Amino acid sequence: MDLNGVGSAGELLAQAERPSFEWAYVDETGDSGMSVGGSSTYILACVLVPADGWTQRLDVLTKMRRAIGKQYGVRLRDEIKANYLLRSRGDLKRYGLGDGQRRDIYQTHMKTLILVSSGVFAVVIDKRKMTKPRDPSEIAWTYLMQRLRERSTQSSVPISLVHDEGEDKKIKSLHRAFRRVSWDARGALVQAPYFVEDPISRKSDDSYFIQLADLCAYAAYRRIVPPDGRSGAVCNEKMWGELGSRVLAEVSTSRPDGIVHWPR
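Description of the structure in this document.

A count of helical and extended segments in the protein gives seven helices and eight strands. Taking 18 Å as the expected radius of gyration for a compact globule of 264 residues, we find that the protein reaches 18 Å, a close match to that expectation. With the principal axes as the frame, the protein shows a C-alpha extent of 55 × 45 × 30 Å. A total of 264 residues make up the protein; the buried ones form 51% of that total. Across the protein, the fraction of contacts at a sequence separation of at least 24, relative to all contacts at a separation of at least 6, is 72%. Accessible surface for the protein amounts to roughly 12,300 Å². Of this, 48% is attributable to carbon and sulfur atoms.

Below you can see the structure in the form of structure tokens.
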């Protein structure tokens, strides 16, 4: 991507290797219910963005969106999320884009994420394999916060959580508890001293970064549940791989692709 006017790619990549502060943007795909007819999975994706050069990173996304607008007519204010790209719905319905065009938009976002992010991972709760009635969203958020706690503690880099609107009270309660009381893999009582402030709730149509997390969540779903036939025309099991080295392999000991899959 031509970054003329938005800063140096090398500088942004260097800052991503040694951030002084990170924003953790989170969005989900699937429903958290356990009823018949619901989604087979509940998934959270986390896109970490350094505060260092944050405005330049937003400028990169804006420049990418302008390029998409020039090619396909999509406006800067249009929300681009997985569901809209998959079925040509929402803000994208008016453009009559074909499968290949919508796949190109999806891939362009994922490739741009490599430049603007310092890391990506996802938590996939596979409701098909759950044997006891539990809340998939609470399990997913617990696993996600465990990974953020480990990352921030090991690096001594503060993290602030930004999430899509929805279960605000639940997320705030879990986050506050994690700051003071949680357990590590050995069962030892630990804290999360680098969790900064309460989680911030944002409308996804107001944040390009939340929209990126939404695209990552669905790509993680397809990594675990490959599509059949035409359903994979826009996003298939290979889309997650577009993130390349940005996936955080350390979040899981059982797979190397930055996805926590539970239960296995």
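Next comes the rest of the write-up.
Turning next to the sheet that holds strand 8 (residues 259-262). Each strand in a sheet pairs with another by means of backbone hydrogen bonds, the pair being arranged parallel or else antiparallel. With mixed pairing, six strands are arranged side by side in an open sheet as 7-4-1-2-3-8. Where the open sheet ends on each side, the last strands, each with one partner, are strand 7 (200-202) and strand 8. Taken pair by pair, the neighbouring strands of this sheet meet at an average axis angle of 20 degrees, ignoring direction. Relative to strand 8, strand 3 (residues 119-126) is paired through four bridges, and the arrangement is parallel. Counterpart to A122 in the pairing with strand 8 is I259. Docked against the sheet, helix 2 (residues 54-72) engages strand 1 (22-29) and strand 2 (41-50), running at close to 120 degrees with respect to strand 2.

Between its first and last C-alpha atoms helix 6 (residues 168-180) spans 19 Å; for 13 residues at 1.5 Å apiece the expected length is 18 Å, and the two agree. Burial in helix 6 covers these residues: I171, L174, H175 and F178. An end-on view of helix 6 places all buried positions within 100 degrees of arc, on one side of the element. Exposed residues on helix 6 whose side chains face more than 90 degrees from its buried face are K169 and R180.

Taken as a whole, this structure holds 15 salt bridges when the rule is applied. Residues D31 and K127 are paired through a salt bridge, measuring 3.0 Å at the closest nitrogen-oxygen approach. Of the two residues, D31 sits in the loop between strand 1 and strand 2 while K127 sits in the loop between strand 3 and helix 5 (136-155), which places them 96 residues apart along the sequence. A relative accessible area of 9% places K127 in the buried class. In this structure, E150 engages R149 in a salt bridge whose closest nitrogen and oxygen atoms are separated by 3.2 Å.

Turning our eyes to something else, we now look at the side chain of S137. Along the polypeptide, S137 turns up in helix 5. One polar contact links S137 to K170, side chain to side chain, over a distance of 2.7 Å. Apart from the residues lying within four places of it in its own chain, the contact partners of S137 are S32, Y42, E167 and K170.

Conventions adopted
- Residues numbered from 1 in each chain as written.
- Predicted model: local features only at pLDDT ≥ 70, side-chain atom pairs only at ≥ 80, totals over all residues.
- Heavy atoms only, no water.
- Helix = DSSP H or I, 4+ residues; strand = E, 2+ residues; numbered from the N terminus.
- Rg over C-alpha atoms; globule rule 2.2 N^0.38 Å.
- Buried < 20%, exposed > 50% of the residue type's maximum accessible area, 1.4 Å probe, protein only.
- Contact = heavy atoms within 4.5 Å.
- Areas by Shrake-Rupley, 256 points an atom, 1.4 Å probe, with all protein chains shown as cover.
- Pairing = 2+ DSSP bridges.
- Axes fitted to C-alpha atoms, helices over the stretch in contact; angles between N-to-C directions.
- Expected span 1.5 Å × (residues − 1).
- Arc of directions from axis to C-beta.
- Salt bridge = Lys/Arg side-chain N within 4 Å of Asp/Glu carboxyl O.
- Polar contact = N/O pair within 3.5 Å; in protein donor to acceptor, adjacent residues only side chain to side chain.

Don't take any of this as a statement about function, it's just geometry.
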